[in-house]
Amino acid sequence: MDMLNKVFDFYQQHDLDKPSPLFDLLSDAFYFAKNRDGHFVYANRLLFEHFDLDDPSDVIGKTDYDFFRFDIADQMHQDDLKVMNEGMTINNKLELVQDGKGDVHWFITSKLALKNKAGDIIGVEGFTRDARRSQSSFEPYNVFRHCISYLQQNYMNSISIEELAKLSCMSLSTFERRFKRQFAITPNQYVKRLRIHKACELLMAGYSIQHVTMACGFCDQSYFTREFRVSMGMTPRKYQLKSRT
């Protein structure tokens, strides 16, 4: 039996009921389940539609690395290992994730261990919500939506935090305090993270480091290289080479 068939039989092998068909009716949440090797064993309709696939079975047997940049997939995999090996529950983790059009958006993810009837951990399951689909229930995004939209369109330019505060109808001090409390990073750190994400996309597309530096709003190549290394754990050149392997 090949890997794909083994994954299809995952629930039968572990004497588990398959997830409720109600999950396919969710309009603002992706439900997923993965085995201990990181292969998807279940995905609801919204998830496979997000990846523009024809059928849910197109997700089965694949991993995060088949759908996301390697650095994003690396972080997802590390979170899965913490859940499975350390018994950690991840609740409403805010993540910047790139979509199929190259844009970066907030996603909110919760994960916990998937256990069989004997209590053994056999994988991980969870929900991921696109903040844009959940604006009414996700108050932080709702409050800062104009600010975030502005940043996504103007990250390559000089960003005034005072202007961001005005977009959010707050004083500067209130804006900075509430932004950090809600997103666990400062507005400047958010801008930097957004620029690094876009830089990753351009590097993977084969653009020169000099071009990426200017296109993403960094003042010079030396500063870009330093900030990229701090954020990604490697130089832009090494990242570019790794993305080709």
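Note that the structure is a prediction, hence the values are computed from the model and not measured.

Caption draft 1: Structural view of helix H7 (residues 172-183). The terminal C-alpha atoms of H7 lie 16 Å apart, and with twelve residues this matches the ideal 16 Å at 1.5 Å per residue to within 8%. When H7 is considered as a whole, its buried residues turn out to be Phe 175, Phe 179 and Phe 183. Along the long axis of H7, the arc covered by the buried residues comes to 25°, so they all point the same way. Directly after H7, the chain includes Ala 184, whose backbone phi takes a positive value near 65°.

Caption draft 2: Spatial organisation of the packing of helix H8 (residues 187-204) against helix H11 (residues 236-243). Look at H8 against H11: their axes get within 9 Å of each other, and the N-to-C directions meet at 55°. If you check the angle between H8 and H11, you find them oblique. Of the two elements, H8 crosses H11, and the hand of that crossing is right-handed. Residues Cys 200, Leu 203 and Met 204 of H8 lie in contact with H11, whose contacting residues are Pro 236, Tyr 239, Gln 240 and Ser 243. In terms of residue class, the contact of H8 with H11 is built from five nonpolar, two polar and no charged.

Criteria and cut-off values
- Residues numbered from 1 in each chain as written.
- Predicted model: local features only at pLDDT ≥ 70, side-chain atom pairs only at ≥ 80, totals over all residues.
- Heavy atoms only, no water.
- Helix = DSSP H or I, 4+ residues; strand = E, 2+ residues; numbered from the N terminus.
- Expected span 1.5 Å × (residues − 1).
- Buried < 20%, exposed > 50% of the residue type's maximum accessible area, 1.4 Å probe, protein only.
- Arc of directions from axis to C-beta.
- Axes fitted to C-alpha atoms, helices over the stretch in contact; angles between N-to-C directions.
- Parallel < 35°, antiparallel > 145°, perpendicular 65-115°, else oblique.
- Left-handed = near helix turned anticlockwise from the far one by under 90°.
- Contact = heavy atoms within 4.5 Å.
- Nonpolar A, V, L, I, M, F, W, Y, C, P; charged D, E, K, R; others polar.

By themselves, these observations are geometric and do not establish any function.
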